[in-house]
Amino acid sequence: METQMKNLVILGAGTAGTMMLNKLHKALDLSRWRLIIVDNEKTHYYQPGFLFIPFGVYNESDVVKQKVKFFPEGMNMINSEIWKVIPEYNMVHLDNGITLDYDVLIIATGSKLAPEETEGLTGKLWKKDIFDFYTLDGAKALAEKFKTWDGGKLVINITEMPIKCPVAPLEFAFLADAFFEERGIREKVHIQYVTPLAEAFTKHKCAEVLGHFLEDKGIELVAEFNTGRIDNDEKKLISWDEREVDFDLLVTVPTNKGADYIETSGLGDELNFVPTDKHTLQSIAHKNIFVIGDATNIPASKAGSVAHFESEILTENILHFIHAEPLAARFDGHANCFIESGRGKAFLIDFNYDVEPMPGNFPMAHIGPFSLLKETRMNHLGKLMFRWAYWNILLKGKELPIGPQMSLKGKILDDIYKSDGFITDEQQITKLSGGI
Amino acid sequence: MSAAVAEKVILGKTLSIDADGNLANLSDWNEEIAAELAKEEGIEVLNEKHWQVINYMRKVYTDTGDAPSIRKLTKESGVDTKELYALFPKGPAKKAARIAGLPKPKGCI
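Residues numbered from 1 in each chain as written. Chains lettered and ligands numbered in written order. Predicted model: local features only at pLDDT ≥ 70, side-chain atom pairs only at ≥ 80, totals over all residues. Heavy atoms only, no water.

The helix and strand tally for chain A stands at 11 helices and 24 strands. Taken against the 2.2 N^0.38 rule, which gives 22 Å for 436 residues, the C-alpha radius of gyration of chain A at 22 Å falls within 12% of a compact globule. Projecting the C-alpha coordinates of chain A onto the three principal axes gives extents of approximately 75 × 55 × 40 Å. For chain A, with 436 residues in total, the buried portion stands at 58%. Considering only contacts in chain A between residues 6 or more positions apart, those separated by 24 or more positions represent 66%. (Helix = DSSP H or I, 4+ residues; strand = E, 2+ residues; numbered from the N terminus. Rg over C-alpha atoms; globule rule 2.2 N^0.38 Å. Buried < 20%, exposed > 50% of the residue type's maximum accessible area, 1.4 Å probe, protein only. Contact = heavy atoms within 4.5 Å.)

If you want it as structure tokens, here you go:
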């Protein structure tokens, strides 16, 4: 008798979902498994590129392509919004009326902006003097605004954490500094960086080593500012504890939330992120649901590099799961971010759950070619090259020369890590291959 | 529970603290220590509302292993956002977690 086909359903065909589709298409026995992917958008956006659009470095054609181009040959997707997941029945209802049964479900629907969460943010100044740059429309509208803006108070505000790509607002500030200098109006632009965090960087080690960059670039830091509302008439940000910041032009990073169906399905936390095991990427509530990328609640950066490292771990664990084995692959929180600092230079940071960013060379000790926690031209070229690698290697699920586990090679360690007995690469590999 | 990186003397007791300056061991905490931690945060006296939030945070931490975010606090502690900021200026989730003897909430990444 022929064995019945099983269904693996991927919700979301963005960075994480597309990578999982490509990896699982290779890894699964397709005579037994049917792969199904669902997304409401046919266009794939290269989100890291949005940052460059307001400054005229990239335009729309640099950051959009058809999703299906990155799928395995012959694969298509179901183009629909997701209405509801019913975990008790292993079932997904779509807005277009289709119902999907799953044996394994992967949630990869990311995070989205929710400017409506903040009073006054989408008021009469929205897209006139208040812009975001995390959407293509927002970034394009800001590019138009910058063309004619002749200076004043530019405020860059993070409404609340967590946000995707936590370094992007800082990169925006650095690029704005360089952009207005080039335009010859830098002295007319007062740049303020207003954040709910205690420091400009999410990682304390970065703040320690790179903190002076803000001052050097004439960017004023307003820390521990939790935006409560926007006064459109007075053009002010007002914090929950009644502090005020005036603006002429506000570049906002609104609250980030998971997809609406997560809430409808009762799968999420208060921001619709799915409670997920930070090492195995299995959902806490349901054993046959796995979560990847921005959709999780794990304490790692919401960034493409993280989704990429997770995809390798998750592929292994899905295979373990369907063979009824323990989920042996462990995600360590590895993130790797280029931070554009303006004037053709960038920093690079590499860290995980336990190890803060450290100086050194990357990915090879002594050789680099990239420098960690240092501003170099090579890092900037790395950032630009990354767009090519994203479209051509990463999305297609091919290997990059950087493993999912963070390596301590080439890093100049603080005493705390040395004395704490942090292990070397070789030890780590031995430990991992020996099973956990 | 988080990794101890230093020690600190509070009320004559030597306590381990983590990289964020929060207590590393839940068991080191008591109400007197909380009052001292509050003073370090500029809160001279902990009133009934402060305790409502602190006790709620400790309960969530015991139940889930994570200190609640500001959003969860607003939704479930019975104290609204505005008042939370009045009680624990600048960063209610972070400050209340510290005073409650818990690690910094995960949302602060």
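Back to the write-up after that little detour.
This next bit is on the packing of aromatic side chains. Residues and elements named next belong to chain A. If you walk through the whole model with that rule in mind, you get 24 aromatic pairs over all chains. Their ring planes at 65° and their centres at 5.3 Å tell us that Phe55 and Phe179 sit as a pair that is edge-to-face. Highlighted residues: Phe55 in the loop between strand S3 (43-45) and helix H2 (60-63) and Phe179 in helix H4 (residues 168-182), separated in sequence by 124 residues. Phe179 shares its class with Phe55; the two are buried. Measuring from ring centre to ring centre gives 6.3 Å for Phe174 and Phe347, while their planes differ by 70°; the resulting arrangement is edge-to-face. Within this pair, whereas Phe174 is found in helix H4, its partner Phe347 is found in strand S22 (residues 345-351), the two being separated by 173 residues in sequence. Phe347 matches Phe174 in its accessibility class, with the two residues each being buried. The ring of Tyr353 carries the charged tip of Lys278 above its face, separated from the ring centre by 4.6 Å. Here the guanidinium or amino end of Arg387 rests over the ring plane of Tyr58, the centre of that ring lying 4.6 Å away. (Phe/Tyr/Trp six-rings, centres within 6.5 Å; stacked < 30°, edge-to-face > 60°. Lys NZ or Arg CZ within 6 Å of the ring centre and 35° of its normal.)

Time to look at the sheet that holds strand S8 (residues 99-101) of chain A. Neighbouring strands of a sheet are bound in pairs by backbone hydrogen bonds; such pairs are parallel or else antiparallel. Residue and element names in this part refer to chain A. Spatially, three strands are ordered S6-S7-S8 in an open sheet, and the strand pairing comes out antiparallel. At either margin of the open sheet sits one strand with a lone partner, and together these are strand S6 (82-86) and S8. Taking each pair of neighbouring strands and ignoring which way they run, the sheet shows an average axis angle of 20°. Two elements, strand S7 (residues 91-94) and S8, share three bridges in a ladder whose sense is antiparallel. (Pairing = 2+ DSSP bridges. Axes fitted to C-alpha atoms, helices over the stretch in contact; angles between N-to-C directions.)

What follows concerns the confidence of the model for chain B. Per-residue confidence for chain B averages 88 on the pLDDT scale, and 95% of its residues sit at or above 70. Ranking the elements of chain B by mean pLDDT puts helix H3 (residues 70-76) of chain B last with 84 and helix H1 (residues 31-40) of chain B first with 95. (pLDDT = per-residue confidence, 0-100.)

Residue and element names in this part refer to chain A. Taking 1.5 Å of rise per residue, 15 residues should cover 21 Å, and H4 covers 21 Å from first to last C-alpha, within 8% of that figure. The element H4 is largely enclosed, with a buried count of 13 among its 15 residues. Positive backbone phi, approximately 80°, marks Gly184, located one or two places after H4. (Expected span 1.5 Å × (residues − 1).)

Ranked by size, the top nonpolar core spans 98 residues in total, and within it A:Leu8, A:Ile106, A:Phe133, A:Leu154, A:Phe172, A:Phe180 and A:Phe331 carry the most contacts. It is H4(A) that contributes the most residues to this core, nine residues altogether. Sequence-distant contacts of A:Phe172, that is, excluding residues within four places in its chain, are made with A:Leu51, A:Pro54, A:Phe55, A:Phe133, A:Leu142, A:Phe146, A:Ile156 and A:Val251. Membership of the second largest hydrophobic core comes to 32 residues, among which are B:Leu46, B:Tyr56, B:Met57 and B:Val79. (Core = buried A, V, L, I, M, F, W, Y, C linked by side-chain atoms within 4.5 Å.)

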